[in-house]
Amino acid sequence: MARPHIEPFVDRDVSFKKLTMPGFKPGVNYKMLSIDKDTGACTMTVQYDAGFKQPPGFCYSEHEFLLMEGSLTIGGKKWQKGLYSFVPAGVSLPAMSTDEGALLLVFYNFGPPSFVESDKDHQNADRTDFKMVDSYQGMDWQNSTLFPATAPGCLLKILHIDKRTFGMTFLYCMTPGFWQDNISYHDCAEEAYHIWGTSWMMQFGELPTGGYFWRPAYINHGCFASELGILAIGRTDGDLHNYFHHDPFSTPEENHERAASRLARMKPALYNWILTSEHNHLPHDFEYPNDTYKTEGWDTGIHMHDDGQVHHHSASGAHSHLGGNKKKKKK
Ligand SMILES: [Fe+2]
């Protein structure tokens, strides 16, 4: 993903705009929180006007939404705040309406917002992971089972896990008086939105109600504190490992190095295979043979070899780590 680092951003600081994209019915207002300009994938605060109605239809992108205020009637069932839905690409949602209006947070994960009127799924849709749940009343808070874990007082409700990437969507709360005295980063991008409450972070200051960030991988964040507590929703685009440390001056490149060292330590056979196979090769997964992978657009691609040279990679700029090392030996 290629969304830029946005942190902090507070949606209360900007006004709603009317969504006038083809397909959408009148009465949809939005605030853009983050967007991938290559794909159109984005996260938005969305306000449906009172009286808004939408026929059955699907979106070409996987999308998720959380109802934060108001109510929504979907397929004849009335939902209150706390409704969370995961909608795979092409899955048709029943007719939707709201008498009083509704405030939502909406994630379009892989493509731009779209709406195609249809009471049937797209022919390529897979509705296996489709879900609608009352995340406030129908789910319990859990202590984090991620290891290494955040400090006590940060509780989770896991809303969705992507089976292929382990990317997650989750509600989280910090209890009043929460504090955590270390710094964290991850191998994945992380985004979050404060439904209610204010927390503080050493690098980015206070994030109030309506606060949002999209944070690419390997960026330091923390220490953390919240005086009165928060309720928030978060999402990652990959497996969330908490790399904790206490060096506020470590750079994203140094954080990459530390993460790669962990991989080499914990999965030496895999690490060695990656190093010794042709560099920039694209892996093929017989479990998901239609999946394709590309290196272009993964962060900056900057790294340093053990010959001390720092450089960028591009998908077309194939070279070999082993070749680089041999050159060094010749000197
Ligand atoms: Fe994090």
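All values derive from a computational prediction rather than experimental measurement. (Residues numbered from 1 in each chain as written. Predicted model: local features only at pLDDT ≥ 70, side-chain atom pairs only at ≥ 80, totals over all residues. Heavy atoms only, no water.)

Draft legend 1. Region of the structure containing the overall build of the protein chain. Of regular secondary structure, the protein chain possesses 3 helices and 28 strands. Classification of the 331 residues of the protein chain by burial places 44% in the buried group. Sequence separation of at least 24 residues holds for 69% of the intrachain contacts in the protein chain that already meet a minimum separation of 6. Accessible surface, the protein chain as shown: approximately 17,700 Å² in total, 56% of it carbon and sulfur. (Helix = DSSP H or I, 4+ residues; strand = E, 2+ residues; numbered from the N terminus. Buried < 20%, exposed > 50% of the residue type's maximum accessible area, 1.4 Å probe, protein only. Contact = heavy atoms within 4.5 Å. Areas by Shrake-Rupley, 256 points an atom, 1.4 Å probe, with all protein chains shown as cover.)

Draft legend 2. Fine view of the sheet that holds strand S22 (residues 205–207). As summarised here, the arrangement of the 4 strands in space is S18-S24-S21-S22, forming an open sheet in which the pairing is antiparallel. Strands at the two margins of the open sheet, each flanked by one partner only, are strand S18 (178–180) and S22. Direction aside, neighbouring strands of the sheet carry axes that sit 20° apart on average. Here strand S21 (residues 199–201) runs beside S22; their pairing, made up of 3 bridges, is antiparallel. By the bridge assignment for S22, Ser199 is matched with Leu207. (Pairing = 2+ DSSP bridges. Axes fitted to C-alpha atoms, helices over the stretch in contact; angles between N-to-C directions.)

Draft legend 3. Up close: the environment of Ser85. Relative to the assigned elements, Ser85 resides in strand S10 (residues 83–87). According to the relative accessible area criterion, Ser85 is buried, its value standing at 0%. Taking C-alpha positions, Ser85 is 9.6 Å from Val106, a pair spaced 21 residues apart along the chain. Ser85 has contacts with His63, Glu64, Phe65, Phe130, Lys131 and Met132, leaving out every residue within four places of it along the chain. Within polar-contact distance, the side chain of Ser85 engages the backbone oxygen of Lys131 at 2.9 Å. (Polar contact = N/O pair within 3.5 Å; in protein donor to acceptor, adjacent residues only side chain to side chain.)

Draft legend 4. Seen up close, the nonpolar core. Counting 25 residues, the largest nonpolar core has Tyr48, Phe65, Leu72 and Leu104 as the members making the most contacts within it. Elements with a minimum of two residues in this core: strand S3 (28–35), strand S4 (42–48), strand S7 (63–70), strand S8 (72–74), S10 and strand S12 (102–108). Among residues more than four places away in sequence, those in contact with Leu72 are Tyr48, Phe65, Leu67, Lys77, Lys78, Trp79, Met96, Ser97, Thr98, Ala102 and Leu104. (Core = buried A, V, L, I, M, F, W, Y, C linked by side-chain atoms within 4.5 Å.)

Draft legend 5. Highlighting the coordination of the iron ion. Within the protein, the iron ion binds to His186 (NE2), Glu190 (OE), Glu190 (OE) and His221 (NE2); these donor distances fall in the range 2.1 to 2.5 Å. Here the iron ion binds 4 donor atoms, and the angle range of 54 to 144° at the metal identifies the geometry as irregular. In primary sequence terms, the donor set of the iron ion follows H-x3-E-x30-H. A residue pair is termed long-range when its members are at least 10 positions apart, and His186 in the loop between strand S19 (183–185) and strand S20 (190–197) and His221 in the loop between strand S23 (211–215) and strand S24 (224–226) qualify at 35 residues. (Donors = N, O, S within 2.8 Å, 3.2 Å for Na, K, Ca; no water. Tetrahedral: all angles 85-135°; square planar, octahedral: opposite > 155°, others 65-115°.)

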